[in-house]
Amino acid sequence: MKKWLVSIAAITVMCFLTACGNDQVNGDGKEKIQVTTTTGQVADVVKNIGKDKVEVVSLMGPGVDPHLYQASQGDIQKLNQADLIFYNGLHLEGKMNEIFEKMSNDKQTVAVADSIPETMLLRTKDSNAHDPHVWFDIQAWIHTIDSVEKELTKISPENESFFQENALAYEKELQELDQYAKEQIATIPEESRVLVTAHDAFGYFGHAYGLEVMGLQGLSTDSEYGLKDVQGLVDILVERNIKAVFIESSISEKSIQAVVEGAKKQKHEVVIGGELFSDAMGEEGTEEGTYAGMFKHNVDTIVSALK
Ligand code: ZN
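Let me begin by describing the structure that accompanies this report.

Parameters at a glance
- Residues numbered from 1 in each chain as written.
- Predicted model: local features only at pLDDT ≥ 70, side-chain atom pairs only at ≥ 80, totals over all residues.
- Heavy atoms only, no water.
- Pairing = 2+ DSSP bridges.
- Helix = DSSP H or I, 4+ residues; strand = E, 2+ residues; numbered from the N terminus.
- Axes fitted to C-alpha atoms, helices over the stretch in contact; angles between N-to-C directions.
- Contact = heavy atoms within 4.5 Å.
- Donors = N, O, S within 2.8 Å, 3.2 Å for Na, K, Ca; no water.
- Tetrahedral: all angles 85-135°; square planar, octahedral: opposite > 155°, others 65-115°.
- Salt bridge = Lys/Arg side-chain N within 4 Å of Asp/Glu carboxyl O.
- Buried < 20%, exposed > 50% of the residue type's maximum accessible area, 1.4 Å probe, protein only.
- Parallel < 35°, antiparallel > 145°, perpendicular 65-115°, else oblique.
- Nonpolar A, V, L, I, M, F, W, Y, C, P; charged D, E, K, R; others polar.
- Polar contact = N/O pair within 3.5 Å; in protein donor to acceptor, adjacent residues only side chain to side chain.

## A closer look at the sheet that holds strand β1 (residues 33–37)
- Here we have four strands laid out as an open sheet, ordered β2-β1-β3-β4, and parallel in their pairing. Whereas interior strands pair on both sides, the edge strands pair on one side only; in this sheet they are β2 (54–58) and β4 (108–111). Going across the sheet, the axis of each strand differs from the next one's by a mean of 20°, ignoring polarity.
- Those strands touched by helix α2 (residues 40–50) are β1, β2 and β3 (84–87), and its axis lies near 175° from that of β2.

## A short note on the environment of leucine 79
- If you trace the backbone, leucine 79 turns up in helix α3 (residues 73–81).
- Ignoring anything within four residues of it in the chain, the contact list for leucine 79 reads Thr36, Leu59, Ile85, Met96, Ile99, Phe100, Met103 and Lys107.

## Comments concerning the coordination of the zinc ion
- Protein coordination of the zinc ion is provided by His67 (NE2), His133 (NE2), His199 (NE2) and Asp279 (OD), with donor distances spanning 2.0 to 2.1 Å.
- The site at the zinc ion holds four donor atoms, and with the angles between them running 91 to 127°, its shape is tetrahedral.

## Regarding the pattern of salt bridges
- A full pass over the atoms with the stated rule returns nine salt bridges.
- Residue glutamate 284 is joined to lysine 47 by a salt bridge in which the shortest nitrogen-to-oxygen separation is 4.0 Å. Of this pair, glutamate 284 sits in the loop between β8 (271–276) and α11 (291–306) while lysine 47 sits in helix α2; the two residues are 237 residues apart in sequence, bridging distant segments of the chain.
- Given the relative accessible area of 38%, lysine 47 is considered partly exposed.
- In this structure, lysine 53 and aspartate 52 form a salt bridge, with 3.3 Å as the shortest nitrogen-oxygen distance.
- Using a relative accessible area of 8% as the deciding quantity, one classes lysine 53 as buried.
- The partly exposed category is assigned to aspartate 52, whose relative accessible area is 30%.

## Considering the packing of helix α7 (residues 160–185) against α11
- Relative to each other, α7 and α11 sit at 5°, their axes nearing to 10 Å. Relative to α11, α7 is oriented roughly parallel. Residues Tyr170, Glu173, Leu174, Leu177, Tyr180, Ala181, Gln184 and Ile185 of α7 touch α11, and the partners they reach there are Tyr291, Ala292, Phe295, Lys296, Val299, Asp300, Ile302 and Val303.
- By residue class, the composition of the contact of α7 with α11 is 12 nonpolar, one polar and three charged.

## Quick look at the pairing of β4
- Pairing between β3 and β4: four bridges, direction parallel. The partner of leucine 84 across the bridge, within β4, is glutamine 108.

## Brief notes about the side chain of serine 278
- Along the chain, serine 278 falls in the loop between β8 and α11.
- Polar side-chain contacts of serine 278 include one of 2.7 Å to the side chain of glutamate 248.
- A distance of 3.5 Å separates a polar atom in the side chain of serine 278 from a polar atom in the side chain of serine 250.
- Discounting residues that sit within four places of it in the chain, serine 278 has contacts with Gln41, Trp135, Phe136, His199, Ala201, Phe202, Glu248, Ser249 and Ser250.

Pasting the structure below:
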């Protein structure tokens, strides 16, 4: 009997120490900060700064289109359980605004894009709204690091220097990535620095690294595109002798295929230069499942198709 009690006690202690196999506690045996994010890009910032002090759940996995994404009942639960919610903002998550507004009444709900100076934000030609795809300008995206570091420190002030150190290391990694992108894109002949994709996700990328960017759909995949848009893009491809267009991991290939077909009819051969990660990152556990990895993949794909 006693022996039995002792083993129950031992199991209880073990469970306490290891949280019974789940990793809710960090290296110090303290409970992790529960963070829920929308996109993988935002999750990447939080993971890199919070490391083992945070448990990050990202709602939007590989191939998911944030413009059209609607929160499920399970998502609402994940948002409710979080100590902190980080999302992109600037209406990227167009169908979730109401939820964030509601949640912000009793929870710290942070749009990371709000930390980027307005002078670094781009507007579109046809609307007065800001372009939400801010993660494609590394110098702008680096500002989100400060915001995440600050929010984590508010919840866990004893880890201030830990977060600070991680933030510095992450910033250094992104600065190197920025440098890499600049050097690589510069190897494409100037007249070929034109990036044609399914939707306007690469405005910041083009602005930062010196490429002209054309998308078939507008800033949000919510907008319709018509035959006229396809024809307009085809004409440009033929006129400028552009040899490659790109598909996006979170958008159907159909629209960009129509452009390739259209060019063919005009006897201009255009190839699909590869798949770019625009609004979603790659599979978790692969290199493209990290922000730096997917960014590098995009740069390398663009360079090898246009060079
Ligand atoms: Zn987009």
